[in-house]
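# Descriptive analysis of the structure
Each chain is listed here by its residues.
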Number of protein chains: 2
Amino acid sequence: MADNEFRTIQSLGRRELINELMEHNETQHKETIKGWGDDSAVLENSDHLKLLSSESFMEGVDFDLTYVPLHHLGYKVATAAVSDIYAMNGTPDAVLVNLSVPNKMSVDMLKQIYKGIGAAGKDYDFEIVGGDLSASHQLLGISISCYGNVDKELITYRSGARIGDAICVTGDVGGATAGLRILMREKKFWEEEKQQQSFQPNLDDYEYVVKRQLVPIARKSFIEILRDLDIIPTSMIDLTQGLVNDLQNLAEASGKGVYFYQATLPISLDTRNVADEMKEDVDKYALYGGEDYEMVFTLPEENVEKLSEEFSDFTVIGQVKNQEEGIRMQQAEGGVVSFNDSEG
Amino acid sequence: MADNEFRTIQSLGRRELINELMEHNETQHKETIKGWGDDSAVLENSDHLKLLSSESFMEGVDFDLTYVPLHHLGYKVATAAVSDIYAMNGTPDAVLVNLSVPNKMSVDMLKQIYKGIGAAGKDYDFEIVGGDLSASHQLLGISISCYGNVDKELITYRSGARIGDAICVTGDVGGATAGLRILMREKKFWEEEKQQQSFQPNLDDYEYVVKRQLVPIARKSFIEILRDLDIIPTSMIDLTQGLVNDLQNLAEASGKGVYFYQATLPISLDTRNVADEMKEDVDKYALYGGEDYEMVFTLPEENVEKLSEEFSDFTVIGQVKNQEEGIRMQQAEGGVVSFNDSEG
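Residues numbered from 1 in each chain as written. Chains lettered and ligands numbered in written order. Predicted model: local features only at pLDDT ≥ 70, side-chain atom pairs only at ≥ 80, totals over all residues. Heavy atoms only, no water.

Another point: the environment of K284 of chain B. All names here are of chain B. Inspection of the secondary structure assignment puts K284 in helix α9 (residues 282–288). Taking relative accessible area as the criterion, K284 reaches 51% and is therefore assigned exposed. Taking C-alpha positions, K284 is 9.5 Å from T177, a pair spaced 107 residues apart along the chain. (Helix = DSSP H or I, 4+ residues; strand = E, 2+ residues; numbered from the N terminus. Buried < 20%, exposed > 50% of the residue type's maximum accessible area, 1.4 Å probe, protein only.)

All right, on to unusual backbone geometry then. The phi dihedral of E291 of chain A is positive, around 65 degrees, even though this residue is not glycine. For E291 of chain A, the location among the structural elements is in the loop between α9 (282–288) and β10 (295–299). The phi torsion at N89 of chain B lies on the positive side, around 70 degrees, for a residue other than glycine. With a relative accessible area of 2%, N89 of chain B lands in the buried category.

Relative to the helices and strands, N103 of chain A resides in the loop between β4 (91–101) and α3 (107–124). Along the backbone, N103 of chain A and A135 of chain A are 32 residues apart, and their C-alpha atoms lie at a distance of 7.7 Å.

What follows covers the packing of helix α2 (residues 70–86) of chain B against helix α3 (residues 107–124) of chain B. Residue and element names in this part refer to chain B. The geometry of α2 relative to α3 is characterised by a closest axis approach of 7 Å and an angle of 35 degrees between their N-to-C directions. Along this stretch, α2 crosses α3, giving a crossing that reads as right-handed. Facing α2, whose interface residues are L70, H71, G74, Y75, A78, T79, V82 and Y86, α3 presents M109, Q112, I113, G116, I117, A119, A120, D123 and Y124. (Axes fitted to C-alpha atoms, helices over the stretch in contact; angles between N-to-C directions. Left-handed = near helix turned anticlockwise from the far one by under 90°. Contact = heavy atoms within 4.5 Å.)

Moving on to the UniProt feature "binding site: ATP" (unreviewed entry) in chain A. All names here are of chain A. Within this structure's numbering, the places UniProt gives as "binding site: ATP" (unreviewed entry) are Y114, G131, D132, R158 and T240. For Y114, the position within the fold is in helix α3. On the basis of relative accessible area, R158 is assigned to the buried category, the value being 14%. (UniProt positions renumbered as here; feature names shortened; annotations may be inferred.)

Structure below.
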């Protein structure tokens, strides 16, 4: 590399970037079982493992206050942080909330954010135990760090997928992206019209997808079902960067390949309707849209049957293969698409 | 409160604000021993306690990239986060780093930040175990969450000060503020001159205070000395918001008052020289300047003697009193000043 060359962040994949950044992390603790590279960090503890995860959301990049109510924002960032704990098959205990607060925010606006985090705390059973408040120019920033735990026998890494395992996904995918498309369209419409004093779009027809975008739900209930049924996935990751990207992350961590079927992608009718209305390809929403906070996990066949007897809200979309086979999708029309690892 | 009234963040004290925000934190865990209100959160664990702390720094508010080298920035935010762990008499284990990164930052600039955090990891013996990278408009934001531990018998809260205890402070105070004044002056000078291509102030004469501002050191060594001498302070807080403010925080948590002596304030000659040059009152730096990351702690008299036999880098500045006496300072000239609780 030439000296003084300006390498943009975008020029590296996320993993490559993190590898470069971690060159300076020379201190290693014996109790750290897993640092970077999974949904949460994992620390050794007497009888169980401690989990740490962290999520940052910046105004103008991760959210737009024009259409995101503040309590939904609080709820969503908390969902993102606890989802990383669930993705290790663990349970959250406590969160730290860091806010960078611009002058345009009032006390009661901040309270709305905390109201949302508090509501998430009730749903996910975590406590807000601390954090930091600092000033910011113009834009609001939120980070939430989540602290959780998991029994040693239950922990589920991204790296455990075995050849032949079924690849499963909970719920449906692409909905959060559909919701974002609607919200952006309404914002544009409102900016062009400027007739109304306040932004009051009519979103009744889009309630499902808008909720998927604004108030996503982390998969606590699914983790509880796994526990009840005594099923431990061989690997698991939460869907935040989009299905293709997260399948790549899981496959890479496991040193495996993935073969999946376009026809099986679980897409809700509401999501399809939005894509039709936008004249867009709904499979793009499903394959590349992020923020669904569903779980992608792998199971041996016998456990798929066991799970499906008690739980119907998941879909088998493919199978774990040899690493050499890469990430491939059989299209509905019969062709096979290969996804290059965009991160490599 | 009238509906729709815009209450600015500044209109409330920090404590009052946190109390209002925590109204919605209805989920409480039995293992949470201490949430908000001390330097770190404290969680029950089998034989020892887990500590969690978190610090956020925003460009333009907490740091200015004109004169803050990126590796120093990484080191300083890490110092701030581990200092909160030391202030509980604990030791850090791991940190999570959240960065909000604007386009103006290159990969190698990010690496400088991580280099600083990694250097802090070596000094303070923590590992970087995870975090989040997100995009940001224009301004850089950093939050570091620190995870540590402390033996149950050693934990030191802000709340344990007893009437008659000596109030002590490590090192010297006001230096970080003096350094900031110098850096701001040099920046202004540079902006007015604009003759140079790059910013190269001559700071040799101000090395000590500039270091206090740019690369403050958390008091790991002091915590180790306490352990070696088998001394546990009755209360402790790290100096981040300024001496008066942090004394108020400690006194309030302990339900006590404080009487201290202006003449005893530990101020370095370098700090005094800067104040003279700026034609400012050096005691203002000492009383209200923050970010020194020294420890303020309380000890019974016998332990003051024991400590001073082995350790000289601390000063007794006053005594713990009844709560009714408030926070008072005896001036060098003999008068007594009362500080109103700016947070109440």
